[in-house]
Amino acid sequence: MRLINNPVLCNYYLTYRCNAACSFCDIWQKPSSYIRLEDLRDNLHDLKKLGVKVIDFTGGEPLLHRQLPLFLEESKKMGFITTVTTNCLLYPKVAPSLKGLIDMLHFSLDSPDEQEHNESRKVKCFDKVMESIEIAKRLGEKPDILFTVFENNVDKIEEVWKNITKPNNLVLILNPVFEYNNLVMADNFTEKSYQKLLWWGKQQYVYLNEAFIALRKDGGNNVDKPVCKAASSTIVISPENELILPCYHLGIEKFKISGNLYELYKSKNIQTIIKQEGKYEACEGCVINCYMQPSFAVELNKYFWKALPSTMKYNFIKGTWKHLF
Ligand code: SF4
Ligand code: SF4
């Protein structure tokens, strides 16, 4: 049963450029422009009309866009919940300008070991993450640590939790890695690792969406009975101000927005594409967290119930639940 028919999230790609080159991501290889303030203003208005609640200013590295504070300010003024994930290379420099503007601020960190983290990101950013935590705390911000979990770093969760997140009262978000464009193998977690992840998800100040694990164990999205609601729950906007469908990762269709997002989204053509979400050949077995998370929130099924406790836990810790109703 569908609970929410309108899109709830906007993945707003400020640029595809990035100052890191992570092994599990290919976005930094794409040539890209930066979004324009006038387009954002038009789109925010239409996103509101479409019922979107959360705007994820993403990339690439979103902090590369110098106008990010302005984008956040405009979004907050309009009552959106804002979220930003950064590799922290630029956070120490721009932190004061972002103060109080990001509801869910995520710092990426995949290892407690400096060398290991830097190798995975292909850039020296471990020290910047540590510095960013200190700066954020001084500014009264409450960042989360976003830990991308692989089979080979499951056992590093404990050290990150004990030495970094717990002493700083930060939420540790466990984000099981997912495959796309054959970039990484998502199905290489052993049963033992799944059990460890589920155990960690129950610990204080740790967030793991249990539905991610349930979906993987079920073989991912099934094209004959799709759990994916990517296109109907999430609006994806590219740095070139295009509407991307059905999701960023598949990106089969692109439409110029040209100040007309509401009409475009509601058009017959787009609605027909939206109905194909999760049904494309490449959708078989998909476990892309970015779209499964909103998919679990808009339809009442077993994944909804699996996701609910962790979603409530996170929203209550962060205080974001107040804005959702
Ligand atoms: S920091 Fe983020 S956007 Fe940049 S390469 Fe790594 S995963 Fe991709
Ligand atoms: S199943 Fe995956 S690839 Fe297909 S539309 Fe959904 S998120 Fe995109």
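First, a word on what this report is: a plain description of the structure on this page. (Residues numbered from 1 in each chain as written. Chains lettered and ligands numbered in written order. Predicted model: local features only at pLDDT ≥ 70, side-chain atom pairs only at ≥ 80, totals over all residues. Heavy atoms only, no water.)

1. Focus: the overall build of the protein
Here is step 1: Of the regular secondary structure elements, the protein holds 13 helices and 10 strands.
Here is step 2: Against the 2.2 N^0.38 benchmark of 20 Å for 325 residues, the protein shows a C-alpha radius of gyration of 19 Å, consistent with a compact globule.
Here is step 3: Taken over the C-alpha atoms alone, the protein extends approximately 50 × 45 × 40 Å along its principal axes.
Here is step 4: Per-residue burial for the protein yields a buried fraction of 57% across its 325 residues.
Here is step 5: Sequence-distant contacts, at least 24 apart, represent 72% of the contacts inside the protein between residues at least 6 apart.
Here is step 6: Side chains of the protein carry 41 positive and 38 negative charges; the gap between the two charge centres is 5 Å. (Helix = DSSP H or I, 4+ residues; strand = E, 2+ residues; numbered from the N terminus. Rg over C-alpha atoms; globule rule 2.2 N^0.38 Å. Buried < 20%, exposed > 50% of the residue type's maximum accessible area, 1.4 Å probe, protein only. Contact = heavy atoms within 4.5 Å. Lys, Arg positive; Asp, Glu negative; His and termini not counted. Charge placed at Lys NZ, Arg CZ, Asp CG, Glu CD.)

2. Considerations on the site of ligand 1
Here is step 1: Lining the immediate environment of ligand 1, one finds Cys18, Ala20, Cys22, Phe24, Cys25, Ile27, Trp28, Gly60, Asn87 and Arg121.
Here is step 2: Of the residues belonging to the shell around ligand 1, the class tally is 7 nonpolar, 2 polar and 1 charged. (Near = heavy atom within 4 Å. Nonpolar A, V, L, I, M, F, W, Y, C, P; charged D, E, K, R; others polar.)

3. Observations concerning the environment of Leu109
Here is step 1: Here Leu109 shows up in the loop between β4 (104-108) and α4 (114-121).
Here is step 2: On a C-alpha basis, the gap between Leu109 and Ile27 in space is 18 Å, while along the polypeptide they are 82 residues apart.

4. Looking at the pattern of salt bridges
Here is step 1: Under the defined criterion, the tally for this structure stands at 13 salt bridges.
Here is step 2: In this structure, Asp155 engages Lys196 in a salt bridge whose closest nitrogen and oxygen atoms are separated by 2.9 Å. Here the residue Asp155 occupies a position in the loop between β5 (144-149) and α6 (157-165), and Lys196 occupies one in helix α7 (residues 191-201), the gap between them amounting to 41 residues.
Here is step 3: On the accessibility criterion, Asp155 (57% relative accessible area) is exposed.
Here is step 4: We note a salt bridge from Lys202 to Glu210, for which the minimum N-O separation is 2.7 Å.
Here is step 5: When its relative accessible area of 57% is taken as the criterion, Lys202 is described as exposed.
Here is step 6: Exposure remark for Glu210: the relative accessible area of 24% places this residue in the partly exposed category.
Here is step 7: Here the salt bridges do not stand alone but share partners, grouping Arg36, Glu38 and Asp39 into one network. (Salt bridge = Lys/Arg side-chain N within 4 Å of Asp/Glu carboxyl O.)

In short, geometric facts, not functional conclusions.
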